[in-house]
Amino acid sequence: MNLQLDGRNFLVTAASRGLGFGVAKALVEEDANVIICGRNEKSLQDATASLGDKCQYFVSDVSHPADVTALLDFTKAQTSKLDGLFVNAGGPNPGTFDEISDDDWIKGFNLTVMSAIRLTREAIPLLKKSDAASILYSTSISVKQPLDNLLLSNSLRPVVIGMMRTLSEEIGPKGIRLNAVCPGYIHTERVEQLMAAAKAKGAPADKEIVQRIPLGRMGTTDEFGNVCTFLLSPLASYIHGALLLVDGGLFKGMM
Ligand SMILES: NC(=O)c1ccc[n+]([C@@H]2O[C@H](COP(=O)([O-])OP(=O)(O)OC[C@H]3O[C@@H](n4cnc5c(N)ncnc54)[C@H](OP(=O)(O)O)[C@@H]3O)[C@@H](O)[C@H]2O)c1
């Protein structure tokens, strides 16, 4: 299958490692040009070196409005059009209701919700110039079922889904497809950290979590990147306003 991504231009945020890196890698393997961002320059340099000359980086903390503007200014300077935007950020702090302060809520809102709003707003003019534009929001299985000890993720990520579904009506007719992916457990540093934090609180260890996944293992960032790359590609041209779980069957609901 030819994903028709050769020479197309993508912005993948929060991508020096983990899920974002998996998406950038899969896009580059399809000969797309990719700009990645993150906060730590050394990590971005390492990621870009491993992805090759189709990948460029820009240091940007997507929870800060000025950084989002600077990232899009950089993108505009590199390319006259964007074919796809993968919206991703670091995870909000774990914790239960008693443990989450007002400051955590506000920081979590800026990180998870406002980053998605601002990236979308600033990228739309460049996306409108593409003949196959697409935005893919990376959320979590937490939009379908709450996860233990992740109050902020459970509460804030559904806002992004609400925006995506609304925008699919508002800007779909202007030629921009929007979808969301909902990862379950994809093996990354963040998942390792959450497991360690949960274990310290006496929660199930990673083996017990894996036993609940029908496929019997966590996903890999390569597997996640391949799914996202398909959804961002012109071959997914009739998939719009959809949520796709990438969870090895972990979600138990019918719908
Ligand atoms: N892995 C999973 O199974 C899973 C499941 C559900 C949801 N998620 C969510 O998916 C997102 C990515 O998770 P991950 O597992 O890939 O995490 P990860 O392995 O920790 O990687 C996070 C990436 O995001 C960058 N980043 C973090 N905060 C940023 C910010 N404010 N602005 C720009 N870049 C930022 C990091 O680079 P710097 O630190 O240098 O900025 C790094 O490149 C998180 O929101 C996570 O909660 C993950």
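Refer to the structure presented above.
All of the points below concern the structure found in this document. (Residues numbered from 1 in each chain as written. Predicted model: local features only at pLDDT ≥ 70, side-chain atom pairs only at ≥ 80, totals over all residues.)

## Concerning the overall build of the protein
Across its full length, the protein holds eight helices and seven strands. By the compact-globule yardstick of 18 Å for 255 residues, the protein fits well, its C-alpha radius of gyration being 17 Å. Taken over the C-alpha atoms alone, the protein extends approximately 50 × 40 × 40 Å along its principal axes. Residue burial in the protein is summarised as follows: out of 255 residues, 44% are buried. (Helix = DSSP H or I, 4+ residues; strand = E, 2+ residues; numbered from the N terminus. Rg over C-alpha atoms; globule rule 2.2 N^0.38 Å. Buried ≥ 20, exposed ≤ 12 C-beta atoms within 10 Å, placed from the backbone.)

## Considering the site of the ligand
Taken together, 30 residues lie around the ligand, and Ala14, Gly18, Gly90, Gly91 and Arg190 are the ones closest in. Elements with a minimum of two residues in the shell around the ligand: α1 (18-29), β2 (33-38) and α6 (189-200). (Near = placed C-beta within 6 Å.)

## Section: the packing of helix α4 (residues 102-127) against helix α5 (residues 151-170)
Where α4 meets α5, the axes come as close as 10 Å, and the angle between the chain directions of the two elements is 20 degrees. Overall, the two elements α4 and α5 adopt an arrangement that is roughly parallel. For the pair α4 and α5, the crossing hand works out as right-handed. Counted together, Asp104, Gly108, Phe109, Thr112, Val113, Ala116, Ile117 and Thr120 of α4 and Leu152, Leu156, Arg157, Val159, Val160, Met163 and Leu167 of α5 form the full contact between these two elements. Here the contact of α4 with α5 is composed, by residue class, of 10 nonpolar, three polar and two charged. (Axes fitted to C-alpha atoms, helices over the stretch in contact; angles between N-to-C directions. Parallel < 35°, antiparallel > 145°, perpendicular 65-115°, else oblique. Left-handed = near helix turned anticlockwise from the far one by under 90°. Contact = placed C-beta atoms within 7 Å. Nonpolar A, V, L, I, M, F, W, Y, C, P; charged D, E, K, R; others polar.)

## What to know about the packing of helix α3 (residues 65-78) against α4
Running from N to C, α3 and α4 point in directions that differ by 25 degrees, and their axes come no closer than 10 Å. By the angle between their directions, the pair α3 and α4 is classed as roughly parallel. The handedness of the crossing between α3 and α4 is right-handed. Residues Pro65, Val68, Thr69, Leu72, Thr75 and Lys76 of α3 pack against Ser115, Arg118, Leu119, Glu122, Ala123 and Leu126 of α4. Considered class by class, the residues forming the contact of α3 with α4 number six nonpolar, three polar and three charged.

## Examining the sheet that holds strand β4 (residues 84-87)
On the basis of which strands lie adjacent, the open sheet formed by seven strands has the order β3-β2-β1-β4-β5-β6-β7 and parallel pairing. At either end of the open sheet lies a strand with only one pairing partner, and these are β3 (55-59) and β7 (243-246). Averaged over neighbouring strand pairs, the angle between their axes works out to 20 degrees when direction is ignored. Pairing of strand β5 (residues 133-138) with strand β6 (residues 176-183) involves six bridges; the strand directions are parallel. Bridge pairing in β6 links Ala133 to Ile176. Sitting on the sheet, α4 touches β1 (9-12), β4, β5 and β6, and the angle it makes with β4 is about 175 degrees. (Pairing = 2+ DSSP bridges.)

## Points about the nonpolar core
Counting 68 residues, the largest nonpolar core has Val12, Ala24, Leu27, Val34 and Ile36 as the members making the most contacts within it. Leave out the neighbours within four places in its chain, and Val34 touches Phe10, Val12, Ala24, Leu27, Val28, Lys54 and Cys55. (Core = buried A, V, L, I, M, F, W, Y, C linked by C-beta atoms within 7 Å.)

## Examining unusual backbone geometry
Positive phi is not limited to glycine here, since Gln4 has a value of about 55 degrees. Within the secondary structure layout, Gln4 lies in the segment before β1. Here Asn149, not a glycine, exhibits a phi torsion of approximately 65 degrees, which is positive.

## A word on the environment of Gly172
Relative to the assigned elements, Gly172 resides in the loop between α5 and β6. Contact partners of Gly172, with chain neighbours within four places excluded, come to Arg177, Leu178 and His240.

## What to know about the pairing of β3
A regular strand places its side chains so that they alternate between the two faces of the sheet. In this sheet, β3 lies alongside β2 in parallel orientation, the contact comprising five bridges. Within β3, the position partnered with Ile36 by the bridge is Tyr57. In this fold, the crossover linking β2 to β3 by way of helix α2 (residues 41-51) has right-handed handedness. (Right-handed = clockwise from strand over helix to strand, strands pointing away.)

## Considering α3
Between its first and last C-alpha atoms α3 spans 20 Å; for 14 residues at 1.5 Å apiece the expected length is 20 Å, and the two agree. Looking at the buried residues of α3, the elements they touch are β1, β2, β3 and α4. (Expected span 1.5 Å × (residues − 1).)

## Here's the deal with the environment of Ser115
Mapped onto the fold, Ser115 is located in helix α4. Ser115 gets classed as buried once you count the C-beta atoms within 10 Å, which come to 26. Sequence separation of Ser115 and Phe97 is 18 residues, and the distance between their C-alpha atoms is 23 Å. In contact with Ser115, not counting residues within four places along its chain, are Val62, Ser63, Val68, Ala89 and Asn110.

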